[in-house]
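# Structure assessment
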Amino acid sequence: MIGEEYEILGIIQARMGSKRLPGKTLKLMNGKPMLEQLLLNLKGSKYVKKFVVATSKNQKDDAIENFCKNKRILFYRGSEKNVLSRFKKIIDLYKPKLIIRLTADNPFVDSILLDYMLDQYFKYYKGFDYINNVENSNFPYGLYLEIFTSKALNVAVKNSSHSDLEHVTMYIRRNKNKFKTAVIKSNEKFKYKRLTVDNEKDFIFAERLMKKLQRKDFFSYNDLLKK
């Protein structure tokens, strides 16, 4: 399979201390914690077989640790504010060559989208430091993925300013002249512009939509496209 020479690791940022929707990471979405819903959607990727939940040492995040232990999910707890350092510790532990950055408040990201992005990476951008489908990509807010090398992250760790530490890839995105980067764009039209969960209104909408789209605990992001 293309990409087998890469050790690919998915890292999911998760925390319970959201100000706009406290505890949202484990808030039940159709009977399952939102983090579990995301993990179920990611299951079956042809490329990514290992995911690590990156949370903080804040006492509030004890619940995330307990959830991960109960579900036998890999996790790491580190600095609450310095999220970049969490990623650094994880890549030091697992030594992947390629990292997928995900967030627990984007539950509609699935294995089909993940594999599509990696297919694009290996076909057109192999050897690039960083690619995403974030910047003017035509993907809805909440269907975002970032793919980058451990080497690029280590450069960011060494050079990031204090303001970059909470946003893992900010240094890379601000210094594109120092990296090989690309944006994966979609020519498809989506039914929705916003699919992230930032507040209660977002959650209610996401839960209803997930229930409508799910088939045996899984859905395809293709169901979000206009036909």
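Computed from a prediction, not measured in an experiment: that's the story for all the values here. (Residues numbered from 1 in each chain as written. Predicted model: local features only at pLDDT ≥ 70, side-chain atom pairs only at ≥ 80, totals over all residues. Heavy atoms only, no water.)

## Notes on the pattern of salt bridges
The condition that has to hold: By convention in these notes, a salt bridge is any Lys or Arg side-chain nitrogen within 4 Å of a carboxyl oxygen on Asp or Glu. The helix count covers DSSP runs of H or I at least four residues long, the strand count covers runs of E at least two residues long, and both are numbered beginning at the N terminus. Relative accessibility thresholds used throughout: buried, under 20% of the residue-type maximum; exposed, over 50%; partly exposed, between the two (1.4 Å probe, protein chains only).
On inspection of all chains with the given rule, the structure shows 14 salt bridges. A salt bridge links Lys 71 to Glu 36; the shortest N-O distance between them is 3.3 Å. Pair noted here: Lys 71 is in helix α2 (residues 62-71) and Glu 36 is in helix α1 (residues 34-42), with a separation of 35 residues, a long-range link. By relative accessible area, Glu 36 is classed as buried at 16%.

## So, a positive patch on the surface
Defined as follows: Patch definition: residues with relative accessible area over 30% and no salt bridge; like charges joined within 9 Å; nonpolar side chains (Val, Leu, Ile, Met, Phe, Trp, Tyr) joined within 5 Å. To be clear on the numbers: accessible area is Shrake-Rupley with a 1.4 Å probe, and residue cover counts the displayed protein chains and nothing else. We score Asp and Glu as negative and Lys and Arg as positive, and we do not count His or the chain ends. Here the site of a charge means atom NZ of a Lys, CZ of an Arg, CG of an Asp or CD of a Glu.
On the surface, a cluster of positive charge is contributed by Arg 15, Lys 19, Lys 60 and Lys 81. With respect to the element layout, Lys 81 can be found in the loop between β5 (74-78) and α3 (83-94). Classification of Lys 81 by relative accessible area gives exposed; the value is 57%.

## Concerning the packing of aromatic side chains
The following threshold applies: Only Phe, Tyr and Trp rings take part, Trp by its six-membered ring, and two of them pair if their centres are within 6.5 Å. Stacked means planes under 30 degrees apart, edge-to-face means over 60, and tilted covers everything else. In this scheme, the term charge over a ring applies when either NZ of a lysine or CZ of an arginine sits within 6 Å of the ring centre and within 35 degrees of the ring normal.
Enumeration according to the criterion identifies 11 aromatic pairs in this entry. Measuring from centroid to centroid gives 5.5 Å for Tyr 192 and Phe 205, while their planes differ by 70°, and the two rings are edge-to-face. Highlighted residues: Tyr 192 in the loop between β9 (181-183) and α7 (200-213) and Phe 205 in helix α7, separated in sequence by 13 residues. The partly exposed category is assigned to Phe 205, whose relative accessible area is 36%. A cation over an aromatic ring shows up here: Lys 27 above the ring of Phe 203, its NZ or CZ 4.9 Å from the ring centre.

## Regarding the nonpolar core
We apply this condition: As used here, the term nonpolar core means buried Ala, Val, Leu, Ile, Met, Phe, Trp, Tyr and Cys residues forming a set that is joined through side-chain atoms within 4.5 Å. Residue contacts are defined here by distance: any two heavy atoms, one from each residue, within 4.5 Å place the two residues in contact.
Residues Ile 12, Ile 100, Phe 108, Leu 118, Leu 143 and Leu 224 are the most contacted members of the largest nonpolar core, which totals 52 residues. Secondary structure elements with two or more residues in this core: β1 (8-13), α1, β4 (51-56), α2, β6 (98-103), α4 (111-124) and α7. No other element matches α4, which puts six residues into this core. Aside from chain neighbours lying at most four places away, what touches Leu 118 is Tyr 47, Val 48, Leu 98, Ile 100 and Ile 147. With 21 residues, the next largest nonpolar core counts Ala 54, Ala 152, Leu 165 and Ile 172 among its residues.

## Some thoughts on unusual backbone geometry
Look at Lys 95: it is not a glycine, yet its phi comes out positive at around 50°. Residues other than glycine seldom take positive phi values, yet Asn 138 does so here, at roughly 75°. Here Asn 138 lies in the loop between β7 (130-132) and β8 (146-149). Residue class for Asn 138 comes out partly exposed when judged on its relative accessible area of 45%.

## A short note on helix α5 (residues 150-159)
Applied cut-off: Picture the helix axis, draw a direction to every C-beta atom, and the arc is the one those directions span.
Within α5 the residues assigned to the buried category are Ser 150, Ala 152, Leu 153 and Ala 156. The arc that holds the buried residues of α5, viewed along the axis, is 155°, so those residues lie on one side. Along α5, exposed side chains directed more than 90 degrees from the buried face belong to Lys 151 and Lys 158. Elements in contact with the buried residues of α5: α3, β6, β8 and α6 (170-174).

## Thoughts on the confidence of the model for the chain
Keep this limit in mind: The pLDDT score gives, residue by residue, the confidence of the prediction method on a 0 to 100 scale.
Chain-level pLDDT for the chain is 93 on average; 96% of the residues reach the 70-or-more range. Throughout residues 1-5 the model reports pLDDT below 50, and contacts reaching past four residues in sequence, or to other chains, amount to eight contacts.

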